[in-house]
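The primary structure of each chain is shown beneath.
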Amino acid sequence: MISYTCSVTGPAVIDVHNKADFIEDRCSYTLLSDSWVSGVQILASFRERRRTDVSFVDSVTLRVEDPGVDVLLKQDGRVLVDNVALVLNSSVQEVHGVQLSKDQTGVTAKVTLSGRSAAVFFDGDTAQIHMEGPAGSSLVGLCGNSSSFSSAKLSEDSSSSCESVYTEPADGTIDCPMMTERCNLLMEAPFSSCNTIVDPAPYITACNATLCKYPAVDGLGCQFLWAYARACSLSNVTLESWWSEAQCSRPEAVCQDQVCSDHEFCGEFGGNTGCLCRAVFASSYRESNTLGDPVFCTQNSASVSLVGCLLRDKNIDYSVLHLNDETCRGEMDQESGMVTFSFNSSNTCGAVITVNDSQVTYRNAIMAQNSSSEGITRKDQFYIDFSCIHVQPEMKTVAFRIKDSSVIQHITSGEWSYTVTMKSYTDADRTHVVDSNTDVMLNQKIWVELETEGLDADLIAVVTDSCWATAQESSNSTPRYDLIQNRCANAADQTVMVEGNGEGTSNYFSFTMFQFTGSSGDVYLHCKLNLCIKEGNSCVPDCSGGAKRRRRSVRPKHERGASALVSMAWIN
């Protein structure tokens, strides 16, 4: 029986052969394949934190082939099984063959099969895998060979952009010699008592390479010391109370239960621990010197979203921010970490509205009430104004053109043979004919004349029985709108006037132009005419009785022949 230890801390992977290599991208890798414990792979994902060019181990996954589940150990101390969080404590709980427990120092997950075991400890910053099994067993993955990046990279668990490698200027505040001196503590007492059991060299290499590039914040100055001390403990060497001399706190996973969004990590700020922006995510905002996304404007509302971790980075408490109206405060989306301020037409939240000839502007501001009762403040003032500009609604002009300047129809009915001409005009004197080049506007008054030829005016009068409009060419189509009904103007449309109906061989009517809602805009006008024998009879309809009288109107018995139907079209 033999045991191995593999340590993954910061960007470094220290394999079982005490060789250190560094992950430079933000992808996922196999730490230990299922060649060790059949059916179980141990994977790790790497993400950046404060700098774009340094990656840290961000989560560890135990992929159990049967029943095909992932047991995910996150930086915040949560353990998710297929995205469902488990409730754990120091008592061992077995889930799909994985033994899980959790205390204030971190989470432990262990699998055992056929005389081999692999135990993973993860505190959110360092993952250590301790393996026990028969001698001569092969180890595949970064823990077996820390430089096998290409074969260990998991394409299915990595985004397409994870391989991008960034560069940043060196941090001038870092004292590299001082960091080297700190890393070399691993060769001094009490660590030296373990040096012959666990080689400190790869840990010192990892410590130097990281701390000479990345600031010693978020406990990083002690992280490599703790990783070495735990590796010693796994080899049965206990280092007593070394942390006080190294000015490190006692082992504690400070980010437990600090749930952050995908673009955040848990770190220290202003003496507190919380969610800070990952560098790649924040870079575009910092380059443009903004704290959030552009204003989102709609016809009756406006909103602006600020990035919660950027506010936190500037030590700004989003809960004290408000719009002009102090009761309108930001709402934090726990999943995205965005803080959104909004107002609408029902609640303007104190927005200042200005109107000129062409546009309407809604202006508001996000601010903090920082002043004390003495009228002073010891915090930076915060004020972001934003506005939405809307173009004033314009009157829509719809122009119609007549399809034909006139419609002529020859009609033979019994002994009568005549032609009917329908023409439209833009003036009451009917001198300006509407032709195919004339634009007719909505609500413009139009006069339509129905004139016959071939009839004896002393004997015959033409009666317009009805006129109606349709949106389609067919006179029987719907929708339909009546202009003349029962020889009289539609009482419901006060714009319709009928003149000379039944008085001679021609008559006309007028109305104001319209269009059907929801249609193409074309309007088809249809009129039905009857002939009336004038001798001894009145062919003029009685329309003086209003709507009731008109509805009672009937066709006179002295009207002769079939009705004539004439149609005319306007196109939009």
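What comes next concerns the included structure. (Residues numbered from 1 in each chain as written. Predicted model: local features only at pLDDT ≥ 70, side-chain atom pairs only at ≥ 80, totals over all residues. Heavy atoms only, no water.)

## Side note on the sheet that holds strand E20 (residues 331-332)
Then step 1. With antiparallel pairing, four strands are arranged side by side in an open sheet as E17-E18-E21-E20. The open sheet has two edge strands with one neighbour each: strand E17 (296-297) and E20.
Then step 2. Note that E17 and strand E18 (residues 301-307) share two bridges and pair antiparallel. Looking across to E18, one finds that Phe296 is bridged to Ser303. (Pairing = 2+ DSSP bridges. Helix = DSSP H or I, 4+ residues; strand = E, 2+ residues; numbered from the N terminus.)

## Focus: empty space enclosed by the protein
Leftover empty space is mapped by rolling, across the atoms, a probe with the size of a water molecule.
Then step 1. Scanning all chains against the criterion turns up three cavities of 30 Å³ or more.
Then step 2. When its volume is computed, the largest cavity comes out at roughly 40 Å³.
Then step 3. Contributing to the lining of the largest cavity are Arg49, Gln75, Asp125, Asp218, Val254, Cys255, Cys266, Gly267 and Glu268.
Then step 4. Of the residues in the lining of the largest cavity, the class split is three nonpolar, two polar and four charged. (1 Å grid on protein atoms, 1.4 Å probe; cavity = no way out; pocket = protein on both sides within 12 Å on 5 of 7 lines; lining within 4 Å. Points joined across faces, edges and corners; volume = space filled by probe spheres on them. Nonpolar A, V, L, I, M, F, W, Y, C, P; charged D, E, K, R; others polar.)

## A look at the environment of Asp522
Then step 1. Structurally, Asp522 can be placed in the loop between strand E34 (506-512) and strand E35 (523-533).
Then step 2. For Asp522, a relative accessible area of 18% puts it in the buried group.
Then step 3. Linking Asp522 and Ala471, residues 51 residues apart in sequence, is a C-alpha distance of 6.0 Å. (Buried < 20%, exposed > 50% of the residue type's maximum accessible area, 1.4 Å probe, protein only.)

## Some words on the pattern of salt bridges
Then step 1. Per the counting criterion, the structure on display carries 22 salt bridges.
Then step 2. For Asp385, the salt bridge identified is with Arg363, shortest N-O distance 3.8 Å. Taken together, the residues Asp385 in strand E24 (residues 383-391) and Arg363 in strand E23 (residues 359-368) connect sequence positions 22 residues apart.
Then step 3. Residue classification places Arg363 among the partly exposed positions, given a relative accessible area of 40%. (Salt bridge = Lys/Arg side-chain N within 4 Å of Asp/Glu carboxyl O.)

## Side note on the sheet that holds strand E4 (residues 28-32)
Then step 1. In spatial order, the strands read E4-E5-E6-E7-E8-E9; together these six strands make up an open sheet with antiparallel pairing. The open sheet has two edge strands with one neighbour each: E4 and strand E9 (84-85).
Then step 2. Summarising the sheet, E4 and strand E5 (residues 40-48) pair through four bridges and their orientation is antiparallel. If you follow Leu32 over to E5, its bridge partner there is Ile42.

## A look at helix H4 (residues 220-234)
Then step 1. With 15 residues, H4 ought to run about 21 Å at 1.5 Å a step, and its terminal C-alpha atoms sit 21 Å apart, in line with that.
Then step 2. Taking burial as the measure, the 15 residues of H4 include 13 buried ones, the bulk of the element.
Then step 3. Backbone geometry just downstream of H4 places Asn236 in the positive-phi region, at approximately 70°. (Expected span 1.5 Å × (residues − 1).)

## Concerning the side chain of Arg182
Then step 1. Assignment of secondary structure puts Arg182 in helix H2 (residues 176-183).
Then step 2. No salt bridge forms around the buried Arg182; measuring N to O, its nearest opposite-charge neighbour Glu181 is 8.9 Å away.
Then step 3. With residues up to four places along the chain from it excluded, the contact list for Arg182 reads Gly221, Cys222, Leu225, Ala246, Gln247 and Cys248. (Lys, Arg positive; Asp, Glu negative; His and termini not counted. Contact = heavy atoms within 4.5 Å.)

## Observations regarding the environment of Trp36
Then step 1. You can see Trp36 is positioned in the loop between E4 and E5.
Then step 2. Classification of Trp36 as buried rests on a relative accessible area of 1%.
Then step 3. Along the sequence, Trp36 and Ser138 sit 102 residues apart, while their C-alpha atoms lie 7.0 Å from each other.
Then step 4. Trp36 has contacts with Tyr4, Arg116, Ser117, Ala118, Met131, Glu132, Gly133, Ser137, Ser138 and Leu139, leaving out every residue within four places of it along the chain.

## What about the packing of H2 against helix H3 (residues 201-211)?
Then step 1. Where H2 meets H3, the closest approach of the two axes is 9 Å, and the angle between their N-to-C directions is 155°. The orientation of H2 relative to H3 falls into the category roughly antiparallel. Once H2 is placed against H3, the crossing between them reads as right-handed. Here H2 contributes Met179, Thr180 and Cys183 to the contact with H3, which in turn contributes Ile204, Cys207, Asn208 and Leu211.
Then step 2. Split by residue class, the contact of H2 with H3 holds five nonpolar, two polar and no charged. (Axes fitted to C-alpha atoms, helices over the stretch in contact; angles between N-to-C directions. Parallel < 35°, antiparallel > 145°, perpendicular 65-115°, else oblique. Left-handed = near helix turned anticlockwise from the far one by under 90°.)

## Structural notes on the state of the cysteines
Here a disulfide denotes one covalent bond, and it connects the sulfur atoms of two cysteines.
Then step 1. Counting across every chain of the model gives 14 disulfides.
Then step 2. One disulfide in the model links Cys297 with Cys388; its S-S distance is 1.9 Å. One disulfide, between Cys297 and Cys388, carries an S-S torsion of -90° and so falls in the left-handed class. With Cys297 in strand E17 and Cys388 in strand E24, this pair connects stretches of sequence that are 91 residues apart.
Then step 3. Its relative accessible area of 35% is what places Cys297 among the partly exposed residues.
Then step 4. On the basis of relative accessible area, Cys388 is assigned to the buried category, the value being 1%.
Then step 5. In this model Cys532 forms its disulfide with Cys539; the gap between the sulfur atoms is 1.9 Å. Note on the Cys532 and Cys539 pair: the S-S dihedral is about -80°, so by sign convention the disulfide is left-handed.
Then step 6. Residue classification places Cys532 among the buried positions, given a relative accessible area of 0%. (Disulfide = S-S within 2.5 Å.)

## Remarks on H3
Then step 1. The element H3 is largely enclosed, with a buried count of eight among its 11 residues.
Then step 2. Three or more residues of H3 are buried, namely Pro202, Tyr203, Ile204, Ala206, Cys207, Asn208, Thr210 and Leu211.
Then step 3. Tucked inside the fold, the buried residues of H3 contact strand E1 (2-9), strand E2 (12-14), strand E3 (20-22), strand E14 (126-133), H2 and H4.

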